[in-house]
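Coordinate inspection notes
Each chain, written out:
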Amino acid sequence: MVVVPSLCVRGCINALVLAVAAVAAVAADAGARSGEPIVFVGADPAFSSALDDALLPAGMDVLPIGILPAPALAEFAARSRELADREHATATVWLLPAQSGATLVAYDRGVDRLLVRELPYRLPLSATQAAEAARMVRTMLRALRVTPDSELAPPPVAPTGPPQPLIAASLGIGAWFAAPGTDSALAGSLTVAWRPHGLGAALTGMLAPSADVMSVTFEGRISDIVIAAEARKALLLPPAIRVTPAAGIALHLLRLTGSLGGGSELSSRRYDPAARLGVTAGYALPRGLEVGLSVSADCLLQRQRYQVASEEILVIPRLQVVTGIVVGLRL
């Protein structure tokens with residue numbers, strides 16, 4: 001009758017000890033993680049872990065919230081403030097991918113300011129890169145709190161690489177296909193483009209000196225001079241290829257010279273407007289150079305027919321095609 005109560009008491013004591021130990025462990029963990037909360041926007045696991053290690057000694061706890069769309073430059077501080085207030089945090093840290101690497105943005109809620117720094121390496125970060133970036137964030141947060149506003153010149157957010165060229169000029173040489181029954185002829189072109197790496201415009205002058213025309217009663221040559229204006233949109237195919245479709249209008253000056261079978265000379269000059277479609281694929285080289293292939297097709301508004309009396313000498317089709325190699329210089 002004495003043994004049973006003794007066993008019950010001993011069991012109760014053991015359970016109480018275990019409960020007290022569990023509560024103490026939870027409290028100790030909560031105390032260890034009850035520092036200043038810092039919101040982290042991003043999804044790089046190595047950086048998240050390194051940031052936690054770098055900020056924990058300073059009494060800061062990292063709250064990862066995953067990837068969010070980066071706001072516009074004018075809204076970056078407001079969006080960072082909103083995230084900090086939502087999570088009851090004192091700062092917000094962004095890790096953003098960029099064209100040539102990555103970008104760190106650190107925002108402090110207390111001073112309502114942010115700093116931006118570029119990283120020379122792409123995501124995902126290695127362990128060494130993540131540790132270096134985490135130390136950079138710690139320095140940025142410290143600088144925000146101790147540096148006066150007048151000494152903080154915020155750099156641009158989420159840079160997209162080097163400045164885009166405003167003007168480009170290119171020379172081309174290729175083949176002009178005038179009409180069935182005529183040989184293709186060499187054609188040279190000069191193009192000046194505005195904003196060649198984005199949505200822009202271009203003026204092109206082309207000279208196709210001559211193509212032989214021969215029939216039963218006529219022997220001569222035909223040439224074409226073209227002036228074209230077009231809108232263009234360059235599309236980047238990483239790392240260094242740009243495909244640029246274009247559309248616009250062109251004016252053709254067609255000239256036909258030669259002699260008829262009876263010995264009489266024939267000379268004709270005609271102007272013909274046309275609608276133009278084209279595409280250029282270029283590969284970027286050092287020192288602002290670019291080399292590529294270009295194809296343009298002009299649809300003449302009138303189909304040119306040349307005839308003497310009732311005899312048809314030549315018919316110029318509506319579709320005029322020029323293709324060739326272009327070499328450009330970005331300014």
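Higher on the page you've got the structure.
A brief structural summary. (Residues numbered from 1 in each chain as written. Predicted model: local features only at pLDDT ≥ 70, side-chain atom pairs only at ≥ 80, totals over all residues. Heavy atoms only, no water.)

1. What to know about the overall build of the protein
The following threshold applies: Starting at the N terminus, helices and strands are each numbered in turn, a helix being any DSSP run of H or I of at least four residues and a strand any DSSP run of E of at least two. For the exposure calls, accessible area comes from a 1.4 Å probe over protein chains only, and a residue counts as buried if that area is under 20% of its type's maximum, exposed if over 50%, partly exposed in between. Contact criterion: two residues are considered in contact whenever any of their non-hydrogen atoms come within 4.5 Å of each other. Working definition of accessibility: Shrake-Rupley area with a 1.4 Å probe, residue cover restricted to the visible protein chains.
Secondary structure assignment for the protein yields four helices and 16 strands. Evaluated residue by residue, the protein yields a buried proportion of 37% over its 331 residues. Looking at the protein alone, contacts between residues at least 24 apart form 59% of all its contacts between residues at least 6 apart. By element, 66% of the accessible surface of the protein is carried by carbon and sulfur atoms, the whole surface being about 18,400 Å².

2. Looking at the nonpolar core
Short version of the rule: As used here, the term nonpolar core means buried Ala, Val, Leu, Ile, Met, Phe, Trp, Tyr and Cys residues forming a set that is joined through side-chain atoms within 4.5 Å.
The biggest cluster of nonpolar side chains holds 26 residues, and the ones touching the most others in it are F47, L51, L95, L104 and L141. Of all the secondary structure elements, the ones that give two or more residues to this core are β1 (36-41), α2 (45-55), β2 (60-64), β3 (91-98), β4 (101-108), β5 (113-119) and α4 (127-146). Among the elements that make up this core, the one with the highest residue count is α4 (seven residues). In this structure L95 touches F40, V41, G42, D44, F47, A102, T103, L104, L119, L123 and L125, once residues within four positions along its chain are discounted.

3. A few points about the sheet that holds β1
Put simply, the rule is: By definition, two strands form a pair when at least two bridges between them are found by DSSP. Helix axes are fitted to C-alpha atoms over the stretch in contact, other axes to C-alpha atoms as well, and angles between N-to-C directions run from 0 to 180 degrees.
What the five strands build is an open sheet, ordered β2-β1-β3-β4-β5; its pairing is mixed. The open sheet has two edge strands, β2 and β5, and neither has a second partner. Adjacent strand axes in the sheet meet at a mean angle of 20°, parallel and antiparallel pairs treated alike. Of the pairings in the sheet, the one linking β1 to β3 comprises four bridges and is parallel in character. Within the sheet, the bridge partner assigned to V41 lies in β3 and is W94. Helix α3 (residues 76-86) contacts β1, β3, β4 and β5 of the sheet and is inclined by roughly 130° relative to β3.

4. Considerations on the pairing of β2
Spelled out, the test is: With the strands aimed away from the viewer, a crossover counts as right-handed if its path from the first strand over the helix to the second runs clockwise.
Summarising the sheet, β1 and β2 pair through five bridges and their orientation is parallel. Bridged to I38 within β2 is V62. After leaving β1, the chain enters α2 and then returns to the sheet as β2, a path that is right-handed.

5. Some words on the pattern of salt bridges
We apply this condition: Salt bridge, as used here, is a side-chain nitrogen of Lys or Arg placed within 4 Å of a carboxyl oxygen of Asp or Glu.
Summed over the entire model, instances satisfying the criterion amount to eight salt bridges. Two residues, E82 and R79, come together in a salt bridge whose shortest N-O distance is 2.9 Å. With E82 and R79 both in helix α3 and three residues apart, this pair spans about one turn of that helix. Owing to a relative accessible area of 22%, R79 belongs among the partly exposed residues under this scheme. A salt bridge links D108 to R145; the shortest N-O distance between them is 2.5 Å. Taken as a pair, D108 in strand β4 and R145 in helix α4 lie far apart in primary sequence, 37 residues in all. Residue class for R145 comes out partly exposed when judged on its relative accessible area of 36%.

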